[in-house]
Amino acid sequence: MRPNPLLRSSTAATQRRHIFRAALLMLVLPPLSVRAAAQEDPLQARLELSEQYLRMYERISDTLDPPQWLADPDRFIYWSAVEPHRGTWVLVDAQRRTKEPLLASEALRAQLAQLLGKEFQVPRNLGFMIAPDRQGIIFQINDQPLALGFRDRRVVPLARTALAALALSEGSILSPDRQALAAPRGTGFAVIGSDGRTVLERSGEEYYGWQVPERAWSPSGRFLMVWRNDERGVHKLPIVDYTTARERLTLVPYAKTGTPLARPELYAVEPASGQVVRMPPGEGETYDWLAGWRPDGSEALVLRLSRSGKRLDLVAVEPKSGRTRLVLREERPESFVGALDFATELWAQQVTPLADNRHFLWMSERDGWRHVYLADYTGKIERQVTRGNFPVHRVIGVVPKGGTIFVLASAERGAPYDQLLYRAELGGGGLTRLSPEPGIHRVTLAPSGRYFTDAHSTRVQPRVWDLGSMDGQAPWRYAQADVSGLAELRYAPPEPLTVRAADGTTQLYGVLYKPRDFDSRKRYPVLDFIYAGPFITVVPWSFVGTPHGLMAGSLAQMGFVVMVLDARGTPGRGKAFQDANYGRVGQTEIPDHVAALKQAAATRSYMDLSRAGIYGHSWGGYFALRGMLTEPGFFRAGYAAAPGALEEEAIINEPNLGLPSDNPAGYQAGSNVALAANLRGALKLMHGTSDVNASLSTTMRMTAALISAGKRFELLIMPGEPHGPRGPARRYYLDDVRRFFVRELGAAQ
């Protein structure tokens, strides 16, 4: 349940990509012995098919990373995962609508084999960056930094101390002139010059380390803003290493509800002079982020979210003098301005400085929907730029000259979760739709503002990559995913589901996954695959979908009908929709899920609700327990993996529930431990002993309560495993989930 503390050092998109990739990398191929056993054991055959559905993305050839635009002219580079240029980088000229490989894939393999001294299999996707000198691209293979020049089209090794090589290291941030970079070093950081030498370095200490944020550099490169996070007073989770008879203990900072938060300290660094000066601290306990700079570099812009999430401040900081001033304050005392979704993603999209150095764009839900506002640096809101009963997710870009901006929004009536590109004017007025096709769109705007790339898909349409232009030309499709590998699986997209919430009026959206050998004349046991955290949506709207959708489709192959639903209290549908469970997390979600299952089954005779189960991991583990304990007559079996609890991390719980001292009744009402005596069905819990996202103590407290109540249950403890088990332990855990529900709910009848 726990995010990386404060998540200051990388953008939300990068975070989501890294988290998703990490999850995918954990999905290893089964050994040959398992596949052979599948031929003799029908259950093993189902397990293998289920695993293949979980890894269906491996059968799709598609570019995973967004393209990277060159500074000038309007050209970009992307890695091609499909023919005719599979396995190399492609240069696209947006004006001419032409594309050519930087290096033929055969030539790339040959050059890499010569450099590495052995035959080299180019990976399906190979990440890269534009080189600091912009004369080529840089990438890394087997920890060896490499460069490919635009002119000579030759791959050459880079010295590990070269600036270009260091730019590839995680957490490194290039200066605007690309002549220096700031990089983490252990618990400290260093500034490295163009010659690869260290210009300035500071060391940290345990629980008191330095962190370089992504927007650290001032526009001129004179100053660098760096965080130092004081976690010495934060509660520590004890993580025990059981691999030897002599246990080893590691203490990991983890701020639980009602306990002290980490104290963020902001420093201004002037590499030329070597000065490192601390900026004045904020008021009270806050979560802080460096949102950017004014274009002239006179002030850094800092966001400070109060511990309760009810107040968000934009503060301007002068790096030379250290003077700070409050620019703008957003408050919502009746609920919250920002919660975990703000801490993990939305903070990075909150402020967009404009080139005139007098104005900025500000995101706000003050009218009930997330919209764009024009403000000045005195804190005055001059006007609302976008308006309507729909959310604007982010500002994609601003035309360098003129009053036009581009936003990603869900503004289409009847498609509340589609995310499309629109044009808006700073003077106000309606939105102009630029995405001709429905679905989930991921847009990258050219520096000139004349062109954009648009990667999009729907549940039934695999992803395509289009080049769009602002002059009204029809989009040019320069790439599309190859899904021919799915034919063997006989994959079919999930069935859309629209129902009413437990209040009888609010419309909810979900999907139903079915076995590939589905027969509507049979009766199938039903699984509710739940997450329900108030900071994320899990229903898939794109072709590959979400990790939750992949797992739901995988479980369906065991012989179940599986529902995924976004209930009230989740984001993306306006403030009132998300606030439905404010102060009472755990009280509205299960009623919505049960209502949805009953409505779905009322018109689908193949759904056997007498054999209903519930499964969830992390926040979903909390709700799987919640379902078993608040609806014991409905759910016959439940599997709660790595469950959280309302006493766990502050940023996860306090903004949505209020502080424990302000809402003790809400915390008590949402406690699963207090309901242990209600258990009637079959329950299993799983937890890794090295989990630092949802602490092991949540499961220990739950099992103690169940034992005290005399309730029988099963428990799987996974030694040394983190929040998501890895390697062989991952497959062991997932097969345990699959086997549990087959045993408890049975097969189709």
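The coordinates are above.
Attention here is on the structure that accompanies the text. (Residues numbered from 1 in each chain as written. Predicted model: local features only at pLDDT ≥ 70, side-chain atom pairs only at ≥ 80, totals over all residues. Heavy atoms only, no water.)

**Section: the sheet that holds strand β39 (residues 607-617)**
The strands that make up a sheet are held in pairs by hydrogen bonds between backbone atoms, and each pair lies either parallel or antiparallel.
Then step 1. The strand order β35-β36-β38-β37-β39-β40-β41-β42 describes an open sheet built from eight strands, whose pairing is mixed. Of all strands in the sheet, those bounded by a partner on one side alone are β35 (495-500) and β42 (714-718). When strand polarity is set aside, the average angle formed by the axes of neighbouring strands in this sheet is 20°.
Then step 2. As judged from the six bridges shared by β35 and strand β36 (residues 507-513), these two strands associate in the antiparallel manner. Bridging from a neighbouring strand, R500 pairs with Q507 of β36.
Then step 3. Strands in contact with helix α13 (residues 696-708) are β41 (682-688) and β42; relative to β41, the strand with the most contacts, it is inclined by about 150°.
Then step 4. Sitting on the sheet, helix α14 (residues 727-745) is in contact with β37 (524-529), β39, β40 (635-641), β41 and β42, with an inclination near 170° to β40. (Pairing = 2+ DSSP bridges. Helix = DSSP H or I, 4+ residues; strand = E, 2+ residues; numbered from the N terminus. Axes fitted to C-alpha atoms, helices over the stretch in contact; angles between N-to-C directions. Contact = heavy atoms within 4.5 Å.)

**Section: the sheet that holds strand β5 (residues 129-130)**
Then step 1. Across the sheet, four strands lie side by side as β5-β6-β7-β8; this open sheet has antiparallel pairing. Edge positions in the open sheet fall to β5 and β8 (155-157), since each of these has one partner strand only.
Then step 2. Across six bridges, strand β6 (residues 136-141) lies against strand β7 (residues 144-149) in antiparallel orientation. Each bridged residue has a counterpart across the sheet, and for I138 the counterpart in β7 is A147.

**Observations concerning the nonpolar core**
Then step 1. With 118 residues, the main nonpolar core has L303, Y615, Y639 and F741 as its most contacted residues.
Then step 2. Dropping the residues within four chain positions of it, Y615 is found in contact with D528, F529, I530, M551, L555, A624, Y639, A641, Y733, V737 and F741. (Core = buried A, V, L, I, M, F, W, Y, C linked by side-chain atoms within 4.5 Å. Buried < 20%, exposed > 50% of the residue type's maximum accessible area, 1.4 Å probe, protein only.)

**Focus on the packing of aromatic side chains**
Then step 1. In the structure shown here, the tally under the stated rule is 35 aromatic pairs.
Then step 2. With centroids separated by 6.5 Å and ring planes inclined at 70°, the aromatic side chains of Y615 and F741 adopt a geometry described as edge-to-face. Residue Y615 is located in strand β39, and its partner F741 is located in helix α14; the two are separated by 126 residues in the primary sequence. Considered together, Y615 and F741 belong to a single accessibility category, that of buried residues. (Phe/Tyr/Trp six-rings, centres within 6.5 Å; stacked < 30°, edge-to-face > 60°.)

**Quick word on the environment of T603**
Then step 1. The residue T603 is located in the loop between α9 (589-602) and β39 in this model.
Then step 2. Along the primary structure T603 and G658 are separated by 55 residues, whereas in three dimensions their C-alpha atoms are 40 Å apart.

**Examining α13**
Then step 1. For α13, spanning 13 residues, the distance from its first C-alpha to its last is 19 Å, which sits close to the expected 18 Å at 1.5 Å a residue.
Then step 2. Listed in full, the buried residues belonging to α13 are T698, T699, M702, T703, A705 and L706. The arc enclosing the buried residues of α13, seen along the axis, measures out at 160°, which places them on a common side. Of the exposed residues in α13, the ones pointing more than 90 degrees away from its buried face are I707 and S708.
Then step 3. On its buried face, α13 is in contact with α10 (619-630), β41 and β42. (Expected span 1.5 Å × (residues − 1). Arc of directions from axis to C-beta.)

**Quick look at the packing of helix α3 (residues 42-54) against α14**
Then step 1. Close contact between α3 and α14 brings their axes to 11 Å; oriented N to C, the two are set at 120°. Viewed along their axes, α3 and α14 adopt a mutual orientation that is oblique. Seen along the crossing, α3 lies across α14 with a hand that is right-handed. Residues L43, Q44, L47, E48, S50, E51 and L54 of α3 lie in contact with α14, whose contacting residues are R730, R731, L734, D735, R738, R739 and V742.
Then step 2. Grouping the constituent residues of the contact of α3 with α14 by class yields five nonpolar, two polar and seven charged. (Parallel < 35°, antiparallel > 145°, perpendicular 65-115°, else oblique. Left-handed = near helix turned anticlockwise from the far one by under 90°. Nonpolar A, V, L, I, M, F, W, Y, C, P; charged D, E, K, R; others polar.)

**Details of empty space enclosed by the protein**
Then step 1. In this structure the tally under the stated criterion is five cavities of 30 Å³ or more.
Then step 2. For the largest cavity, the calculated volume is near 110 Å³.
Then step 3. Sorting elements by how many residues they give to the lining of the largest cavity places α13 first, with three residues.
Then step 4. Split by residue class, the lining of the largest cavity holds seven nonpolar, five polar and two charged.
Then step 5. Approximately 70 Å³ is the volume found for the second largest cavity.
Then step 6. Lining the second largest cavity are W227, P264, E265, L266, R278, M279, P280, P281, G282, D288 and R304.
Then step 7. Considering every element that reaches the lining of the second largest cavity, the biggest residue donor is strand β17 (residues 263-270), with three residues.
Then step 8. Across the lining of the second largest cavity, the residue classes tally to six nonpolar, one polar and four charged. (1 Å grid on protein atoms, 1.4 Å probe; cavity = no way out; pocket = protein on both sides within 12 Å on 5 of 7 lines; lining within 4 Å. Points joined across faces, edges and corners; volume = space filled by probe spheres on them.)

**Section: unusual backbone geometry**
Then step 1. Of note, the bond from E83 into P84 is cis; its omega dihedral lies within 30 degrees of zero at 10°.
Then step 2. Position of P84 relative to the elements: it lies in the loop between β2 (75-80) and β3 (88-93).
Then step 3. Its identity as a non-glycine residue notwithstanding, R153 has a phi of 55°, on the positive side.
Then step 4. Position of R153 relative to the elements: it lies in the loop between β7 and β8.

**What to know about the pairing of strand β12 (residues 198-202)**
Then step 1. Where strand β11 (residues 188-192) lies against β12, four bridges are found, and the strand directions are antiparallel. Paired with A190 across the bridge in β12 is E201.
Then step 2. Between the end of β11 and the start of β12, which pair antiparallel, lie five residues, with G196 showing a positive phi angle near 85°.

**Considerations on a nonpolar patch on the surface**
Then step 1. Nonpolar side chains collect at one region of the surface, where M700, L715 and I717 lie side by side and expose about 220 Å² of accessible area between them.
Then step 2. One can find M700 in helix α13.
Then step 3. Taking relative accessible area as the criterion, M700 reaches 37% and is therefore assigned partly exposed. (Patch = residues over 30% accessible without salt bridge, like charges linked within 9 Å, V, L, I, M, F, W, Y side chains within 5 Å. Areas by Shrake-Rupley, 256 points an atom, 1.4 Å probe, with all protein chains shown as cover. Salt bridge = Lys/Arg side-chain N within 4 Å of Asp/Glu carboxyl O.)

**Structural notes on the environment of L374**
Then step 1. Here L374 lies in strand β25 (residues 371-376).
Then step 2. Looking at L374, the relative accessible area reads 5%, which means it is buried.
Then step 3. Measuring from C-alpha to C-alpha, the distance between L374 and P728 comes to 52 Å, with 354 residues separating the pair along the chain.
Then step 4. Setting aside its immediate chain neighbours within four residues, L374 contacts L354, H359, F360, L361, K380, I381, E382, R383 and V385.

**Some details on helix α7 (residues 547-556)**
Then step 1. Extensive coverage of α7 is indicated by the burial of nine of its 10 residues.
Then step 2. For α7, the complete set of buried residues consists of H548, G549, L550, M551, A552, G553, S554, L555 and A556.

**Some remarks on the pattern of salt bridges**
Where charged atoms from two side chains of opposite charge approach closely, those side chains can pair.
Then step 1. Tallying each qualifying case throughout the model produces 54 salt bridges.
Then step 2. When the shortest N-O distance is used, the salt bridge between K320 and E270 registers 3.4 Å. Placement of the pair is K320 in the loop between β21 (311-317) and β22 (324-331) and E270 in strand β17, with a sequence separation of 50 residues.
Then step 3. Residue E270 is classed as buried on the basis of its relative accessible area of 7%.
Then step 4. We note a salt bridge from R366 to E330, for which the minimum N-O separation is 2.7 Å. Of this pair, R366 sits in the loop between β24 (359-364) and β25 while E330 sits in strand β22, and the two are 36 residues apart along the sequence.
Then step 5. You can call E330 buried: its relative accessible area is 8%.
Then step 6. A single salt-bridge network, built from bridges that share partners, covers E48, E51, R55, E58, R730, R731, D735 and R738.

**Observations concerning the packing of α3 against α7**
Then step 1. Look at α3 against α7: their axes get within 8 Å of each other, and the N-to-C directions meet at 160°. By the angle class used here, α3 and α7 are roughly antiparallel. Viewed along their axes, α3 and α7 form a crossing whose handedness is right-handed. Between α3 and α7, the residues in contact are S50, E51, Y53 and L54 and L550, M551, G553, S554 and L555, respectively.
Then step 2. Classifying every residue of the contact of α3 with α7 by side-chain character gives five nonpolar, three polar and one charged.

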